[in-house]
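What follows is the residue order along each chain.
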Amino acid sequence: MITNKIDHSNTELDLVLDLVHNVYGYNFKEYNRKSVKRRIENLVIKKQLNHISDLIPMILYKDEFINDFLEAISVTVTEMFRDAFVFRYFRKEVIHKLKIFPQLNIWIAGCATGEEAYTVAILLKEEGLLHKSQIYATDFNNNSLKIAKAGRYSIDNIKKASKNYQNSGGKVSFMDYCKVEQNLAIMNNDLKDKILFSNHNLTEDYIFATMNVVLCRNVLIYFNKNLKNQVLELFYKSLDSKCFLVLGDKESIRFSGIENKFSTISESAKIYQKE
Ligand SMILES: C[S@@+](CC[C@H](N)C(=O)[O-])C[C@H]1O[C@@H](n2cnc3c(N)ncnc32)[C@H](O)[C@@H]1O
């Protein structure tokens, strides 16, 4: 006998995404659907469930489950001085343009476990700008923010960081910026003191300060065109005129709603300046 098994997985996915949005305010409906679906299916397997809809009671009745859900959907991969040439370029072509401002507000949006925020703090310190800077590093994943605030990283992590740091034009040894304790590298307090890590959801929350630099790297890549435009508009509003937006390797303002409101400093380093 032939059974026509109907695949309800897309309907179930819509139900789960609606629920997460309505109950917790996280809107994944405009994230890259294929990747969200794959990640949720992996969560279903990990939790030893049968269907996507089996997540519904967990979302409704287990408050802490949302953390597992966010963890499952988020891609938190990051490293210090990731894409070293971007920071080399930034040091050479952008830093001197920041020196004219009496005070600097820098926003690292989607900071994951914090490595990018410490990267920027190190760079500003070496260029004599850290004392007049406030770095805001935000993410919507509280587990990641906890790690970021602690600023404690594995030695493997730091080995890669040292290499990237040198490639980015680092001036001393990366080890000058942390101390090693029990196989962990702990970032120095003078860097930590300049970074405010906090929860901010790019798709739901509004801007909170006027920025001189916004770095949002490897985040927009997970959004559809509409959401990308919405978040780029948020950065446009947050940036002061003549200030800078830095995106990730596979991201661009090209073909977006803000394309004509910025000039391109470098398309390969993804650095743009607001008109
Ligand atoms: C791949 S990591 C990028 C980390 C870092 N910017 C880098 O380039 O190495 C993407 C981060 O974006 C965060 N993210 C995704 N959607 C977000 C949203 N709506 N609001 C805030 N953060 C978000 C994730 O939690 C994750 O930590």
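**Q** Looking at this model, I keep getting lost on the overall build of the protein. Mind explaining?
**A** In terms of helices and strands, the protein carries 11 helices and 10 strands. Against the globule reference of 19 Å for 275 residues, the protein gives a C-alpha radius of gyration of 20 Å, in line with a compact fold. With the principal axes as the frame, the protein shows a C-alpha extent of 75 × 50 × 30 Å. Considering the protein as a whole, with its 275 residues, one finds that 34% of them fall into the buried category. For the protein, restricting intrachain contacts to residue pairs at least 6 apart in sequence, the fraction spanning at least 24 positions comes to 77%.

**Q** Whenever I open this one, the environment of Glu-181 confuses me. Can you help?
**A** Among the secondary structure elements, Glu-181 is positioned in strand 4 (residues 178-181). Glu-181 gets classed as exposed once you count the C-beta atoms within 10 Å, which come to 9. Taking the C-alpha atoms as reference points, Glu-181 and Ile-155, 26 residues apart in sequence, are found 9.9 Å from one another.

**Q** Just to check I follow, could you spell out the site of the ligand for this structure?
**A** Around the ligand, 21 residues are found, and the nearest of them are Thr-78, Gly-110, Ala-112, Arg-217 and Asn-218. In terms of residue class, the shell around the ligand is built from seven nonpolar, 10 polar and four charged.

**Q** What is the right way to read the nonpolar core from this model?
**A** Soluble globular proteins: nonpolar side chains tend toward being buried together. Ranked by internal contacts, the top residues of the largest apolar core, which has 57 residues, are Ile-108, Ala-117 and Val-214. Those residues within four positions of Ala-117 in sequence are excluded, and the remaining contacts are Ile-108, Cys-111, Ile-135, Ala-137, Ala-148 and Ile-195. Grouped together as the second largest cluster of nonpolar side chains are 12 residues, Val-16, Val-44, Leu-55 and Phe-69 included.

**Q** I would appreciate a short explanation of the sheet that holds strand 1 (residues 104-109) in the present structure.
**A** Think of a sheet as strands paired side by side through backbone hydrogen bonds, with each pair either parallel or antiparallel. Judged by pairing direction, the sheet is mixed, and its seven strands sit side by side in the order 6-2-1-7-8-10-9 without closing on themselves. Looking at strand neighbours, the two that pair on one side only are strand 6 (195-199) and strand 9 (262-266), the edges of this open sheet. When strand polarity is set aside, the average angle formed by the axes of neighbouring strands in this sheet is 20 degrees. The sheet contact formed by strand 1 and strand 7 (residues 211-216) spans three bridges and is parallel. When the bridges of strand 7 are listed, Ile-106 appears paired with Val-213.

**Q** Where do I start with helix 9 (residues 155-167) in this structure?
**A** In an α-helix, one full turn covers 3.6 residues, which means residues spaced three or four apart are oriented alike. Its 13 residues give helix 9 an end-to-end C-alpha distance of 19 Å, which sits within 8% of 18 Å, the value for a rise of 1.5 Å per residue. Regarding helix 9, the residues found buried are Ile-158, Ala-161, Asn-164 and Tyr-165. Each buried residue of helix 9 sits inside an arc of 125 degrees when the element is viewed along its axis, so together they form one side. Among the exposed residues of helix 9, those oriented more than 90 degrees off its buried face are Ile-155, Asp-156 and Lys-159. Residues of helix 9 that are buried in the fold lie against helix 5 (84-93), strand 3 (152-154), strand 4 and strand 5 (184-187). Directly beyond the C-terminal end of helix 9, a positive phi value near 95 degrees is found at Gly-169.

**Q** Where do I start with the domain arrangement of the protein in this structure?
**A** Accessible area lost during the coming together of the parts is what is often quoted as the interface size. Under the domain assignment used here, the protein contains domain 1 (9-73) and domain 2 (84-274). On the side of domain 2, 12 residues touch domain 1, which itself brings 10 residues to the contact. Considered class by class, the residues forming the side of domain 1 that touches domain 2 number three nonpolar, five polar and two charged.

**Q** When you look at helix 5 in this model, what are you seeing that I'm missing?
**A** Within helix 5, burial applies to Val-86, Phe-87, Tyr-89 and Phe-90. All buried residues of helix 5 project into a common sector of 160 degrees when viewed along the axis, lining one side. In the core, the buried residues of helix 5 are packed alongside helix 6 (95-98), helix 7 (115-126), strand 9 and strand 10 (271-274).

**Q** Whenever I open this one, the sheet that holds strand 3 confuses me. Can you help?
**A** Here three strands make up an open sheet; going across it, the order is 3-5-4 and the pairing antiparallel. Two strands in the sheet have a free side with no partner beyond their single neighbour: strand 3 and strand 4. Direction aside, neighbouring strands of the sheet carry axes that sit 30 degrees apart on average. Most of the contacts of helix 9 go to strand 3, to which it runs at about 90 degrees, and overall it touches strand 3, strand 4 and strand 5.

**Q** I would appreciate a short explanation of the pairing of strand 7 in the present structure.
**A** A regular strand places its side chains on the two faces of the sheet in alternate fashion. In terms of residue burial, strand 7 counts as a mostly covered element, since six of its six residues are buried. The pairing of strand 7 with strand 8 (residues 239-247) spans five bridges and is classified as parallel. Residue pairing for strand 8: Met-211 is matched across the bridge by Leu-239. The parallel pair strand 7 and strand 8, bridged by helix 11 (residues 225-238), forms a crossover whose chirality is right-handed.

Cut-offs and rules
- Residues numbered from 1 in each chain as written.
- Predicted model: local features only at pLDDT ≥ 70, side-chain atom pairs only at ≥ 80, totals over all residues.
- Helix = DSSP H or I, 4+ residues; strand = E, 2+ residues; numbered from the N terminus.
- Rg over C-alpha atoms; globule rule 2.2 N^0.38 Å.
- Buried ≥ 20, exposed ≤ 12 C-beta atoms within 10 Å, placed from the backbone.
- Contact = placed C-beta atoms within 7 Å.
- Near = placed C-beta within 6 Å.
- Nonpolar A, V, L, I, M, F, W, Y, C, P; charged D, E, K, R; others polar.
- Core = buried A, V, L, I, M, F, W, Y, C linked by C-beta atoms within 7 Å.
- Pairing = 2+ DSSP bridges.
- Axes fitted to C-alpha atoms, helices over the stretch in contact; angles between N-to-C directions.
- Expected span 1.5 Å × (residues − 1).
- Arc of directions from axis to C-beta.
- Domains from an automatic or database assignment.
- Right-handed = clockwise from strand over helix to strand, strands pointing away.

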